[in-house]
Amino acid sequence: QFLQFQLRLEVETCLDNEDLEVSEGGLWQSFRTWVQPNLGKKEKWMPFHTVLGAHELFIVEQIHHNKELPWDEKRRFLAMFVFRAHCRSNV
């Protein structure tokens, strides 16, 4: 249910849409109250599951789980570290 609330909040925040149905059981308002202090004018809401971001999704798909790369775990870690530092896929 927590992840459903995360997705619903992301839809509201990014798409200005509140039509996503969630089986909430009355907890949606409690979740909104809990997350509201982090939704100020200067702060951007970030999902707990950060793979929803473009950079982390690239890391997971193209580096961490890419079967075509003949790299060991250490090399994958270093590639992820370099990518996070530069945020360029061609580095």
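Described in the following lines is the structure provided in the data block. (Residues numbered from 1 in each chain as written. Predicted model: local features only at pLDDT ≥ 70, side-chain atom pairs only at ≥ 80, totals over all residues. Heavy atoms only, no water.)

Some remarks on the overall build of the chain
Move 1: Looking only at helices and strands, one finds 4 helices and 0 strands in the chain.
Move 2: Each helix and strand of the chain, ordered N terminal to C terminal, gives the series α-α-α-α.
Move 3: Considering the chain as a whole, with its 91 residues, one finds that 22% of them fall into the buried category.
Move 4: Long-range pairs, those at least 24 residues apart, make up 36% of the contacts in the chain between residues at least 6 apart in sequence.
Move 5: Accessible surface, the chain as shown: approximately 7300 Å² in total, 55% of it carbon and sulfur. (Helix = DSSP H or I, 4+ residues; strand = E, 2+ residues; numbered from the N terminus. Buried < 20%, exposed > 50% of the residue type's maximum accessible area, 1.4 Å probe, protein only. Contact = heavy atoms within 4.5 Å. Areas by Shrake-Rupley, 256 points an atom, 1.4 Å probe, with all protein chains shown as cover.)

Some points on the side chain of N66
Move 1: Within the secondary structure, N66 sits in the loop between α3 (54-64) and α4 (73-86).
Move 2: Separated by 3.2 Å, the side chain of N66 and the backbone oxygen of Q62 make a polar contact.
Move 3: Those residues within four positions of N66 in sequence are excluded, and the remaining contacts are E61 and R76. (Polar contact = N/O pair within 3.5 Å; in protein donor to acceptor, adjacent residues only side chain to side chain.)

As for helix α2 (residues 28-35)
Move 1: Buried residues of α2: W28, F31 and V35, and no others. Each buried residue of α2 sits inside an arc of 60° when the element is viewed along its axis, so together they form one side. Exposed residues pointing more than 90 degrees away from the buried face of α2 are listed as Q29 and T33. (Arc of directions from axis to C-beta.)

Overview of the pattern of salt bridges
Move 1: Under the defined criterion, the tally for this structure stands at 1 salt bridge.
Move 2: Residue R84 pairs with E56 through a salt bridge whose shortest N-O separation is 2.9 Å. Linking R84 in helix α4 with E56 in helix α3, this pair joins segments that are 28 residues apart in sequence. (Salt bridge = Lys/Arg side-chain N within 4 Å of Asp/Glu carboxyl O.)

A word on a nonpolar patch on the surface
Move 1: Together, F77, L78, F81 and V82 give the surface a local cluster of nonpolar side chains, amounting to about 400 Å² of exposed area.
Move 2: By the secondary structure assignment, F77 is in helix α4. (Patch = residues over 30% accessible without salt bridge, like charges linked within 9 Å, V, L, I, M, F, W, Y side chains within 5 Å.)

Some points on the side chain of R76
Move 1: Mapped onto the fold, R76 is located in helix α4.
Move 2: Buried and unpaired, R76 has E73 as its nearest opposite-charge partner, separated by 4.5 Å.
Move 3: From its side chain, R76 meets the backbone oxygen of L69 in a polar contact 3.1 Å long.
Move 4: Setting aside anything within four residues of it in sequence, one finds R76 in contact with I63, H64, H65, N66, L69 and W71. (Lys, Arg positive; Asp, Glu negative; His and termini not counted.)

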